[in-house]
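A structural walkthrough
Below, each chain spelled out in residue letters.
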Amino acid sequence: MLIETPRRSAPQTSAYRVMENFVRSIASVARWIEIHRQREQLAELEDHQLADLGLSPAQIRKECAMWPWQA
């Protein structure tokens, strides 16, 4: 007769949760940095380039005034 010992699955361990939260935090910060970079590039476009995209300068100002986590 084989007796199985109970195993803790990885998602249940405290260390796993800490690491998962850390990785999610780093991913969020990386995404915010990317959004900030994209908004800087958007702000540098000229009016005729914005017209090609169907955007107005007012829309761009509004977009660029937002915080990175307001995506």
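Higher on the page you've got the structure.
Residues numbered from 1 in each chain as written. Predicted model: local features only at pLDDT ≥ 70, side-chain atom pairs only at ≥ 80, totals over all residues. Heavy atoms only, no water.

Topic: the packing of helix H1 (residues 14-43) against helix H3 (residues 57-64)
The cut-off we apply is this: Geometry is summarised by axes, namely lines fitted to C-alpha atoms with helices restricted to the contacting stretch, and by angles between N-to-C directions that run from 0 to 180 degrees. The secondary structure listing takes helices from DSSP runs of H or I that are at least 4 residues long and strands from runs of E that are at least 2 residues long, numbered from the N terminus. In this scheme, roughly parallel covers angles under 35 degrees and roughly antiparallel covers those over 145, while 65 to 115 is roughly perpendicular and the rest are oblique. Crossing handedness: left-handed means the near helix sits turned counterclockwise from the far one by under a right angle, and right-handed means the same turn made clockwise. Residues are treated as being in contact if the distance between any of their heavy atoms lies within 4.5 Å.
In contact at an axis separation of 10 Å, H1 and H3 are set at 155 degrees when each is read in the N-to-C sense. Relative to H3, H1 is oriented roughly antiparallel. Considering how the two elements wind past one another, H1 and H3 form a crossing that is left-handed. Residues Arg 39, Leu 42 and Ala 43 of H1 touch H3, and the partners they reach there are Ile 60, Glu 63 and Cys 64.

Quick look at H1
To be explicit about the condition: To estimate the expected span of a helix, subtract one from its residue number and multiply by 1.5 Å. Relative accessibility decides the category of a residue: with a 1.4 Å probe and only protein chains considered, values under 20% of the type maximum give buried, values over 50% give exposed, and everything between is partly exposed.
Here H1 contains 30 residues, and its C-alpha end-to-end distance of 44 Å stays within 8% of the 44 Å for a straight helix at 1.5 Å per residue. Buried residues of H1: Ile 35, Arg 39 and Leu 42, and no others. Considering only its buried residues, H1 is in contact with helix H2 (47-53) and H3.

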